[in-house]
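Spelled out, the chains give:
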Number of protein chains: 8
Amino acid sequence: GYARVDTHRALRTGDPEVIYAAGKTPEQVTAIAARLHEAHPEHPVLVSRAEDAHRAALREAFGGLCVDDPIARMVSVGPPPRPQGGRVTVVCAGTSDLPVATEAAFTARVCGADVNQVTDVGVAGIHRLLAARDTLAAADCLVVVAGMDGALPSAVGGLVGVPIIAVPTSVGYGAAFGGLAALLTMLNSCAPGVTVVNIDNGFGAGLAAARIVRGRKENR
Amino acid sequence: GYARVDTHRALRTGDPEVIYAAGKTPEQVTAIAARLHEAHPEHPVLVSRAEDAHRAALREAFGGLCVDDPIARMVSVGPPPRPQGGRVTVVCAGTSDLPVATEAAFTARVCGADVNQVTDVGVAGIHRLLAARDTLAAADCLVVVAGMDGALPSAVGGLVGVPIIAVPTSVGYGAAFGGLAALLTMLNSCAPGVTVVNIDNGFGAGLAAARIVRGRKENR
Amino acid sequence: GYARVDTHRALRTGDPEVIYAAGKTPEQVTAIAARLHEAHPEHPVLVSRAEDAHRAALREAFGGLCVDDPIARMVSVGPPPRPQGGRVTVVCAGTSDLPVATEAAFTARVCGADVNQVTDVGVAGIHRLLAARDTLAAADCLVVVAGMDGALPSAVGGLVGVPIIAVPTSVGYGAAFGGLAALLTMLNSCAPGVTVVNIDNGFGAGLAAARIVRGRKENR
Amino acid sequence: GYARVDTHRALRTGDPEVIYAAGKTPEQVTAIAARLHEAHPEHPVLVSRAEDAHRAALREAFGGLCVDDPIARMVSVGPPPRPQGGRVTVVCAGTSDLPVATEAAFTARVCGADVNQVTDVGVAGIHRLLAARDTLAAADCLVVVAGMDGALPSAVGGLVGVPIIAVPTSVGYGAAFGGLAALLTMLNSCAPGVTVVNIDNGFGAGLAAARIVRGRKENR
Amino acid sequence: GYARVDTHRALRTGDPEVIYAAGKTPEQVTAIAARLHEAHPEHPVLVSRAEDAHRAALREAFGGLCVDDPIARMVSVGPPPRPQGGRVTVVCAGTSDLPVATEAAFTARVCGADVNQVTDVGVAGIHRLLAARDTLAAADCLVVVAGMDGALPSAVGGLVGVPIIAVPTSVGYGAAFGGLAALLTMLNSCAPGVTVVNIDNGFGAGLAAARIVRGRKENR
Amino acid sequence: GYARVDTHRALRTGDPEVIYAAGKTPEQVTAIAARLHEAHPEHPVLVSRAEDAHRAALREAFGGLCVDDPIARMVSVGPPPRPQGGRVTVVCAGTSDLPVATEAAFTARVCGADVNQVTDVGVAGIHRLLAARDTLAAADCLVVVAGMDGALPSAVGGLVGVPIIAVPTSVGYGAAFGGLAALLTMLNSCAPGVTVVNIDNGFGAGLAAARIVRGRKENR
Amino acid sequence: GYARVDTHRALRTGDPEVIYAAGKTPEQVTAIAARLHEAHPEHPVLVSRAEDAHRAALREAFGGLCVDDPIARMVSVGPPPRPQGGRVTVVCAGTSDLPVATEAAFTARVCGADVNQVTDVGVAGIHRLLAARDTLAAADCLVVVAGMDGALPSAVGGLVGVPIIAVPTSVGYGAAFGGLAALLTMLNSCAPGVTVVNIDNGFGAGLAAARIVRGRKENR
Amino acid sequence: GYARVDTHRALRTGDPEVIYAAGKTPEQVTAIAARLHEAHPEHPVLVSRAEDAHRAALREAFGGLCVDDPIARMVSVGPPPRPQGGRVTVVCAGTSDLPVATEAAFTARVCGADVNQVTDVGVAGIHRLLAARDTLAAADCLVVVAGMDGALPSAVGGLVGVPIIAVPTSVGYGAAFGGLAALLTMLNSCAPGVTVVNIDNGFGAGLAAARIVRGRKENR
Ligand SMILES: Nc1ncnc2c1ncn2[C@@H]1O[C@H](COP(=O)(O)O)[C@@H](O)[C@H]1O
Ligand SMILES: Nc1ncnc2c1ncn2[C@@H]1O[C@H](COP(=O)(O)O)[C@@H](O)[C@H]1O
Ligand SMILES: Nc1ncnc2c1ncn2[C@@H]1O[C@H](COP(=O)(O)O)[C@@H](O)[C@H]1O
Ligand SMILES: Nc1ncnc2c1ncn2[C@@H]1O[C@H](COP(=O)(O)O)[C@@H](O)[C@H]1O
Ligand SMILES: [Mg+2]
Ligand SMILES: [Mg+2]
Ligand SMILES: [Mg+2]
Ligand SMILES: [Mg+2]
Ligand SMILES: [Mg+2]
Ligand SMILES: [Mg+2]
Ligand SMILES: [Mg+2]
Ligand SMILES: [Mg+2]
């Protein structure tokens, strides 16, 4: 049965309950979400990698309680909290990276962060990045999303002194090897302050960023 | 010549100036350190991956200005600042991981963090980790260092809600593939809040942790 | 023709006859099963990786002789024997690992073991694993199934002194590389007593576990 | 300090205390061994991957208490127990695999197994293996060690119904890739009952085999 | 246009003209086959990796001239020559390997060899292989096809003194990595006289075997 | 013997004769150089990867004819021609990349190019690169050398419309995998006009650059 | 929004504006193309990796302005300029490489080069390549496209002194590993003057070739 | 002990007895050689990968019986037989490949073949290969040895109709990955009739070639 669902993680860590929908039926996802929601109705329950069928089943089960983002492929059962943390800015290189970047932004928001996004600032047109420098410097944490060569975090890391979480994406072909090229670039970044998450793991980046900025708002 | 040394990074990012000594002669390292120190004598200059010969040359050139850590293979020309940021706790699985863990701790300290270390809490004896839980929860950022299976950050990530920087080490043999096994484990961690740096990159983890806790002290 | 089907393996090794259905037509699978069943009607014939069409063909051919497990994608032609060996406990980290875990459990049962299952005890909520410790210690052999970071066997191996067969699954994405990350984690486990089988190979783990506990029941 | 040495693992798991000497100084190894020996003088303390200097230091510190095997690169501080478990037979393909095979045999013996060895039965001369079949069938657990093509466990697995732990070695060159070829062969073995440990991990195989045969002797 | 089709290879090398149909339209394949057939109507034109549509188009264009093997996915436009070379024996481990084994057999036949096949002699039941030893020793060249662990050529190589071409197949899952495991096993075979071709390359093995036995018949 | 030395390549391709000294004795290198020099005394003979012993032997044999660059580990027997081609500018990220960058520069010079170098313009301090933009735009071909994350060519490619040859270096550690990370980054560069050579292959980059700028001088 | 489209790259680099259609909807592609076309109607806008739906949408939006190449999967909005640069010759080994070769040719043409193509000159019939030698030598830049073994650029590089851009394709199976084999061959080419782009990256090769031959026409 | 040395392989397979000296002491090698020589004094005993110390010990033990080739790193105890088989021609690309090529030639000779060598015919100067065509066509089996790009067998395979055994060598650097690049090239060769052995495995190629030409001499 579902006897061992971990209903106390939020108490231990402050993070929301999360269901990874890939490989689960809509019924399974809805049932687990119901159990988590009943245990702590005051916390949003986050569902990631939700296909259309998952999202439809959740909307049917929870109605107006659902906040649904089709680009991020995410649903929050229960509204995100009002931003109680600092500012997370999610930066990405191109439009193909938007699903992952949006997943990061949605997650950080549900985790309590104040989130904004900057798109289309790839290193192949470096002046666009320089033009965004003040926005980047004003964040408490940056999530930098890029596929193909994955070079964007290296350029950002030398511009500002903010913590940077780099997210490689599987955008590309051939020797991109499904995001491996971007992952290796980011792990070897010469720029300071860059840490990395799994390929396409916008969720993990958003949650880690929210942990970093938790309790930051009042500082600014 | 040395005409393009980046003497203004500290101003842009708040990080110290750093010299990566691997592949440089002691003379080169000392000369670059002198230039950086002259430009901003009030900031420490950090030297990483310093062999004995590098450290000897630096001590000869800068005398009492040097703070030297042979386990971390690091030298700071100029003392670390008084801790102005929050608390970074560096955790490692076993004694073989100490060089990397100490590199992280030394770097974070020179970057202004208040640092402590917890050693020998590998998952194969999970009660040791549980016994350290309060120490872990009290930190503003955790650096978790592990080789071989790299499983430690997964266990830590579910215990506390603190940001976690995981550092895989090259400790192990065979299918450890020089740290690749631990790296992949950490990138795939099921636990929330974990981000990852390059294999053996204690320096990068320490600097990123210091960025995260900058300005945190006053909050606590 | 099918002239070289190995109808004597059961006599040499005590294991059941097995047909790997992937890449075979339902007709081929049914024909081989018939030949093996005729040779030794007292032994169950096991069919692994059986799609719906394979299972339908087998039920049509053998009727009530079939024991069918759709989650494990397995059919036994002929009922499993009454447990004559010791206890195999199959542990898994999450619900996505259930197909592989169930394949292991079904196989071990057909091979004569007394089998039970423990689900949803991933390391990201370590207290769930600790709560199951007595159940784990009571087994004669543990099969531990996990995807993504594959960290579960490392935590189990330090808790109890029972033989552990670790099964990496292909659950995950990005740098999980189809189960490679979990495989490497398990091969590098710091915990004692862990051996490993191929990615998603619940069948192999179940059979090996049954060999281990054969003749154990009377000891307990 | 050494404050977190896990002195209770033997109580939890029944395995001996073990020190992995690689990357530790002789002084560190001797000091840890002393602490473990003092905590439980009745249990042997096992030291693996011990170079000459480690072994000399241990003999100087513990004198006649040491049992030293230079081929296995192992020392036991305190004698192995009298065999209380079943029979472990360690099989290897060629003389180049002897260090790893001997490490497995020595470990299993210190863990309480009754151990014997069969050498030079590679598949390229299959009659040698067939000639040893009765010896193999008489064991309670087989440890099968092979480098290069790693084909030996596949041949053994179809001959006898005994649990088999396969150990790939780094013997070979070129596309052996340091033992990777043998590792993959073993993970993909078509023969039933084969589980696998890390490349060159005789220690892990010996300990797992000893867990398997624990309490077996009385059965035979 | 098709101006550079190499119509003289048969003259230089004695091998038939071959068209690799994968990625070509049925029309392209038929047109190229027509050109090659017109240039040398006395030589068969071989088409490999031919899908149903390719085969239908060829039969429509060339009618009774076509010899079609759906398991091998091959068509010969023009009948194979009467065997003018020695004997090629194609051996395979299991029924899943039959498409590749049959591709090798069909190719060798079209290249002039006298071909027979031995199936289902995997190393997990080594007595089946020993029973076929005289057949193997009677060949002038062996093609040995195996997936998963790829161990069969190692066992064959020590039994007989015949040249052996090993063909790894992509049969398997997980750490079989699409045939990589079997490929590495074969490249590292401890047995003498084994050479290897690409994964699933029955065509290449059959052609190389035919070159080896060319002119052998009269010797026997 | 040395009967097949290719003494006519210069006539076919216009490139100098080159000897790869790695794995050759000083005597072998000197003898081959003598033969090539005698065949075409008017062309320089280039020796790459020359250790101290190779260079000493060449200087002893050819005296003042040798132009020797110890950083590039190269010797030219016979002076470089006067620049008859366009301008090649060799750019590198850091001082650790200088051996490879210098190899490229030396080679291009011996091949007839007009060469200059720009050092220490890594992306982590992007203003240094922007400051060099006019120098970069003035070249007929750029060789861009970088290790670790290999991000520099991506930034350069969007700044100027000049052909760019990217050279990954083996500078770095851990997941740099001996230059693989930088190589993949460069192959996946989002910036236009970037082509790539082998890791550490300054020679190949310099020669290709010289081919590109051959006959360019008169255009400017 | 689309606020950061880089409408000035053509001014900085002279290359056309390019849209990578993979992963974009036809509407997105058409909208971006419209914006780029409006900004600089005198420059063609290039769309790569355009599926049928993308091409249909572009033709509907831009009508006769579109130049469409279904083999190259490319559309140019606005006609290619009259050739103002030198000659680019695109060479490929077989018909399976034509999509990539045609992508290179189309791109180079839109970038202003004078382009021709040579097909079906693989090294397995080396006389075909030798017959084309004068055509090859007459080019200002060669783009050499090959899959499987990727050996063609090595043969070309020793024949002529022209810059060579090698393009590995994903044509092949098994140990071709999706183009990796050809990529590694080309990176290790013993022939001089060869640089390499990503697997299947005809676009990148064509653009780099056009940069190389820009301003060459008047020289000939 | 040495109880299982396989002294009957020669009778089963016709190949000589072989000792792989790597990882054995000179004493071990000499003792095994003595046993094999005593068992069949009429057959030569071959020792491969013999360092200077191995060779000195063998010469001391067997005196004039030894035939020693320092380039091949081989010793034959007992003279090679008079050529009773056909002609094996060993071809290599460059002088760096000579140790591997010579190992193949020496082995084939001891196995009874009539052997000659062709050196320095790399594809970068294809006319040298064409000039040797008649020599190549006259052989009964070709062994083609090449490092770096490994392109030579592809060129040879289309020139002549002789069986070809390709041997990749570890000559090269960077993305040669210790011979992996050449290995993959050869496995993917577009030319017919090419089979492949392990990286640097001149021994295996020589033995397989000798098996192929056995009994050929009388045919010519
Ligand atoms: N141990 C290290 N690992 C990774 N990056 C480092 C390390 N030490 C210094 N760095 C980075 O390398 C740069 C200095 O490189 P360099 O100019 O070659 O001395 C600094 O900006 C640091 O960000
Ligand atoms: N799921 C599985 N994974 C790995 N090996 C298997 C599996 N199922 C069956 N086998 C093995 O494959 C053999 C049967 O293969 P086949 O003769 O092709 O049906 C049996 O002897 C089993 O040992
Ligand atoms: N087929 C292609 N392969 C690699 N890069 C491309 C390709 N087509 C376009 N690009 C690059 O991708 C950029 C456009 O990406 P986007 O803004 O996502 O349309 C352009 O600047 C090109 O340099
Ligand atoms: N250089 C070599 N490379 C690969 N296999 C070899 C080599 N030399 C000898 N062998 C094989 O290794 C076996 C001898 O191994 P060993 O008994 O360890 O001396 C022989 O049967 C040979 O087939
Ligand atoms: Mg864009
Ligand atoms: Mg410890
Ligand atoms: Mg769960
Ligand atoms: Mg042996
Ligand atoms: Mg079978
Ligand atoms: Mg620098
Ligand atoms: Mg063709
Ligand atoms: Mg040469």
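In this text the structure is predicted, and so the values were computed from the model without any measurement.

Rules of the game
Residues numbered from 1 in each chain as written. Chains lettered and ligands numbered in written order. Predicted model: local features only at pLDDT ≥ 70, side-chain atom pairs only at ≥ 80, totals over all residues. Heavy atoms only, no water. Contact = heavy atoms within 4.5 Å. Polar contact = N/O pair within 3.5 Å; in protein donor to acceptor, adjacent residues only side chain to side chain. Helix = DSSP H or I, 4+ residues; strand = E, 2+ residues; numbered from the N terminus. Nonpolar A, V, L, I, M, F, W, Y, C, P; charged D, E, K, R; others polar. Salt bridge = Lys/Arg side-chain N within 4 Å of Asp/Glu carboxyl O. Buried < 20%, exposed > 50% of the residue type's maximum accessible area, 1.4 Å probe, protein only. Least-squares fit on C-alpha atoms with pLDDT ≥ 70 in both. Buried area = accessible area lost by both parts, 1.4 Å probe. pLDDT = per-residue confidence, 0-100. Axes fitted to C-alpha atoms, helices over the stretch in contact; angles between N-to-C directions. Parallel < 35°, antiparallel > 145°, perpendicular 65-115°, else oblique. Left-handed = near helix turned anticlockwise from the far one by under 90°. Pairing = 2+ DSSP bridges. Right-handed = clockwise from strand over helix to strand, strands pointing away.

As for the interface of chain F and chain H
Turning to step 1, where the next piece is worked out: At the junction of the two partners, chain F supplies 15 residues and chain H supplies 17 residues.
Turning to step 2, where the next piece is worked out: Taken together, chain F and chain H are joined by three residue pairs in polar contact (both at pLDDT 80 or more).
Turning to step 3, where the next piece is worked out: Secondary-structure elements contributing two or more residues to the side of chain F that touches chain H are helix H1 (9–13) and helix H8 (180–187) of chain F.
Turning to step 4, where the next piece is worked out: Taken together, the residues that form the side of chain F that touches chain H break down as six nonpolar, two polar and seven charged.

Concerning the pattern of salt bridges
Where charged atoms from two side chains of opposite charge approach closely, those side chains can pair.
Turning to step 1, where the next piece is worked out: Applying the stated criterion to the full structure yields 63 salt bridges over all chains.
Turning to step 2, where the next piece is worked out: Across the pair Asp15(G) and Arg211(G) runs a salt bridge, and its minimum N-O distance is 2.8 Å. You can see Asp15(G) sitting in the loop between helix H1 (9–13) and strand S1 (17–20) and its partner Arg211(G) sitting in helix H9 (residues 202–213), a full 196 residues away along the chain. Across the pair, Arg211(G) and Asp15(G) agree in class, each one buried.
Turning to step 3, where the next piece is worked out: Residue Asp15(H) pairs with Arg214(H) through a salt bridge whose shortest N-O separation is 3.0 Å. Taken together, the residues span a long stretch of sequence, with Asp15(H) in the loop between helix H1 (9–13) and strand S1 (17–20) and Arg214(H) in the segment after helix H9 (202–213) at a distance of 199 residues.
Turning to step 4, where the next piece is worked out: On the accessibility criterion, Arg214(H) (25% relative accessible area) is partly exposed.
Turning to step 5, where the next piece is worked out: A network of salt bridges, in which partner residues are shared, links Asp52(A), Arg55(A), Arg59(A) and Asp68(A).

What to know about the relation of the copies chain A and chain B
Turning to step 1, where the next piece is worked out: Expressed as a screw operation, the relation of chain A to chain B combines 0.0 Å of axial shift with a rotation of 180 degrees, fitting to an RMSD of 0.0 Å. Accordingly, the operation relating the two chain copies is best matched by a two-fold axis. For chain A, the residue whose C-alpha comes nearest the rotation axis is Val196(A), separated from it by 2.5 Å.
Turning to step 2, where the next piece is worked out: Most of the interface of chain A is mirrored in chain B, where 100% of its interface residues again form contacts.

Brief notes about the relation of the copies chain F and chain H
Turning to step 1, where the next piece is worked out: Mapping chain F onto chain H calls for a screw motion: a turn of 90 degrees about the axis and a shift of 0.0 Å along it, with 0.0 Å RMSD after fitting. The transformation just described matches what one would write down for a four-fold rotation axis. Nearest to the rotation axis, the C-alpha of Phe177(F) is located 7.4 Å from it, this being the minimum over chain F.

Side note on the interface of chain A and chain B
Turning to step 1, where the next piece is worked out: Chain A puts 33 residues into the contact, and the matching count from chain B is 33 residues.
Turning to step 2, where the next piece is worked out: Taken together, the two surfaces of chain A and chain B that pack against each other cover about 2600 Å², and 51% of this comes from carbon and sulfur.
Turning to step 3, where the next piece is worked out: The interface formed by chain A and chain B contains twelve residue pairs in polar contact (both at pLDDT 80 or more).
Turning to step 4, where the next piece is worked out: Elements supplying a minimum of two residues to the side of chain A that touches chain B: helix H1 (9–13), strand S8 (164–168), helix H8 (180–187), strand S9 (194–196) and helix H9 (202–213) of chain A.
Turning to step 5, where the next piece is worked out: When residues of the side of chain A that touches chain B are assigned to their parent elements, the largest contribution, five residues, is made by H9(A).
Turning to step 6, where the next piece is worked out: Tallied by class, residues from the side of chain A that touches chain B come to 16 nonpolar, ten polar and seven charged.

With respect to the confidence of the model for chain A
Turning to step 1, where the next piece is worked out: With 92% of its residues at a pLDDT of 70 or more, chain A has an overall mean of 90.
Turning to step 2, where the next piece is worked out: Predicted as a complex, the structure gets a pTM of 0.93 and an ipTM equal to 0.93.

A word on the packing of helix H2 (residues 26–39) of chain D against helix H3 (residues 52–62) of chain D
Residue and element names in this part refer to chain D.
Turning to step 1, where the next piece is worked out: Running from amino to carboxyl end, H2 crosses H3 at an angle of 40 degrees, the nearest separation of the two axes being 9 Å. Looking at the two axes, H2 sits oblique to H3. Note that H2 runs across H3; the crossing there is right-handed. Touching Pro-26, Val-29, Thr-30, Ala-33 and Ala-34 of H2 are Ala-53, His-54, Ala-57, Leu-58, Ala-61 and Phe-62, all from H3.
Turning to step 2, where the next piece is worked out: Here the contact of H2 with H3 is composed, by residue class, of nine nonpolar, two polar and no charged.

Quick word on the sheet that holds strand S3 (residues 66–69) of chain D
Residues and elements named next belong to chain D.
Turning to step 1, where the next piece is worked out: In space, the four strands of this open sheet follow the order S1-S2-S4-S3, with mixed pairing throughout. The sheet terminates laterally at strand S1 (17–20) and S3, the two strands that pair on one side only. Strand-to-strand twist in this sheet, taken as the mean axis angle between neighbours without regard to direction, amounts to 15 degrees.
Turning to step 2, where the next piece is worked out: Here three bridges tie strand S2 (residues 45–48) to strand S4 (residues 74–77), and the two strands are oriented antiparallel to one another. When the sheet's bridge partners are listed, Leu-46 is paired in S4 with Ser-76.
Turning to step 3, where the next piece is worked out: Set on the sheet, helix H4 (residues 98–110) makes contact with S2, S3 and S4; between it and S4 the angle comes to about 10 degrees.

A closer look at the pairing of strand S2 (residues 45–48) of chain E
Residue and element names in this part refer to chain E.
Turning to step 1, where the next piece is worked out: Across the two faces of S2 the burial is the same, with Val-45 and Val-47 and Leu-46 and Ser-48 all buried.
Turning to step 2, where the next piece is worked out: Of the strand pairs in this sheet, strand S1 (residues 17–20) and S2 are connected by four bridges, and their pairing is parallel. Each bridged residue has a counterpart across the sheet, and for Ile-19 the counterpart in S2 is Val-47.
Turning to step 3, where the next piece is worked out: Each parallel crossover has a hand, and for S1 linked through helix H2 (residues 26–39) to S2 it is right-handed.

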